[in-house]
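Overview (structure and organization)
Now for the letters of each chain:
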Amino acid sequence: MSKVQIKVNDNGSLRVSGDVELIDAEGNVFETKPTFSLCRCGLSSKKPFCDGSHKGKFESVVRAQPKESE
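The text that follows walks through the structure, step by step, so that each part is easy to find. (Residues numbered from 1 in each chain as written. Predicted model: local features only at pLDDT ≥ 70, side-chain atom pairs only at ≥ 80, totals over all residues. Heavy atoms only, no water.)

1. Some thoughts on the overall build of the protein chain
For the record, the criterion: What counts as a helix is a DSSP run of H or I of at least four residues, what counts as a strand is a run of E of at least two, and both are numbered from the N terminus. Atoms counted for the radius of gyration: C-alpha only. Globule rule: 2.2 Å times the number of residues to the power 0.38. Here the term buried applies to any residue with accessible area under 20% of the maximum for its type, exposed to any over 50%, and partly exposed to those in between, with areas from a 1.4 Å probe on protein chains only. Here, residues are in contact when the closest pair of their heavy atoms is within 4.5 Å. Accessibility throughout is a Shrake-Rupley quantity obtained with a 1.4 Å probe, and a residue counts as covered only by protein chains that appear here.
Scanning the protein chain for helices and strands turns up zero helices and three strands. Traced from its N-terminal end to its C-terminal end, the protein chain shows the element sequence β-β-β. A compact globule built from 70 residues would reach a C-alpha radius of gyration of about 11 Å, whereas the protein chain, at 14 Å, exceeds it by more than 25%. Each of the three principal axes of the protein chain carries a C-alpha extent, and together these read 45 × 35 × 20 Å. Expressed as a percentage of the 70 residues in the protein chain, the buried residues total 19%. Restricting to contacts in the protein chain with at least 6 residues of sequence separation, those with at least 24 account for 26%. With the model as given, the accessible surface of the protein chain reaches about 5,900 Å², and the carbon-plus-sulfur share is 49%.

2. Comments concerning the packing of aromatic side chains
For clarity, the cut-off: Stacked, tilted and edge-to-face are the three classes assigned to paired rings of Phe, Tyr and Trp, where Trp is represented by its six-membered ring and a pair needs centres within 6.5 Å; plane angles under 30 degrees give stacked, over 60 edge-to-face, the rest tilted.
Per the stated rule, a full pass over the model turns up two aromatic pairs. Aromatic side chains Phe30 and Phe49 sit 5.8 Å apart centroid to centroid with 90° between the ring planes, which places their arrangement in the edge-to-face category. Here Phe30, found in the loop between β2 (14–17) and β3 (35–38), pairs with Phe49, found in the segment after β3; they are 19 residues apart in sequence, far enough to count as distant. On the basis of relative accessible area, Phe30 is assigned to the partly exposed category, the value being 27%. Every member of this aromatic cluster is reached through a ring pair, and the members are Phe30, Phe36 and Phe49.

3. Quick word on the environment of Asp51
So the rule is basically this: Polar contact is defined as a pair of N or O atoms within 3.5 Å, subject to the rule that within protein one atom must be able to donate a hydrogen and the other to accept it, and that residues adjacent in sequence are counted only when both atoms are side-chain atoms.
Structurally, the position occupied by Asp51 is in the segment after β3. Looking at Asp51, the relative accessible area reads 30%, which means it is partly exposed. Beyond its immediate sequence surroundings of up to four residues, Asp51 is in contact with Ser44, Ser45 and Lys46. Among the polar contacts made by the side chain of Asp51, one reaches the side chain of Ser53 at a distance of 2.6 Å.

4. Things to note about unusual backbone geometry
The peptide bond linking Lys47 to Pro48 adopts the cis configuration, its omega dihedral lying at 10°. As for its position among the elements, Pro48 is in the segment after β3.

Nothing here speaks to function; it is geometry throughout.
Rendered as structure tokens:
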């Protein structure tokens, strides 16, 4: 079984790839594709999914900290 991958896009969405179930706070399942994007800016009219509304209006560049050498 391969890992689910979530990519934090610069100035944009969270790109989710893999076999994952997305549910709301009440346990209802959202219909998803094998790869989809989640809104991070709060501007999408299709929340929790990204509709591109962030373009030019949202800035966030996140990087993971490098692993320390042992």
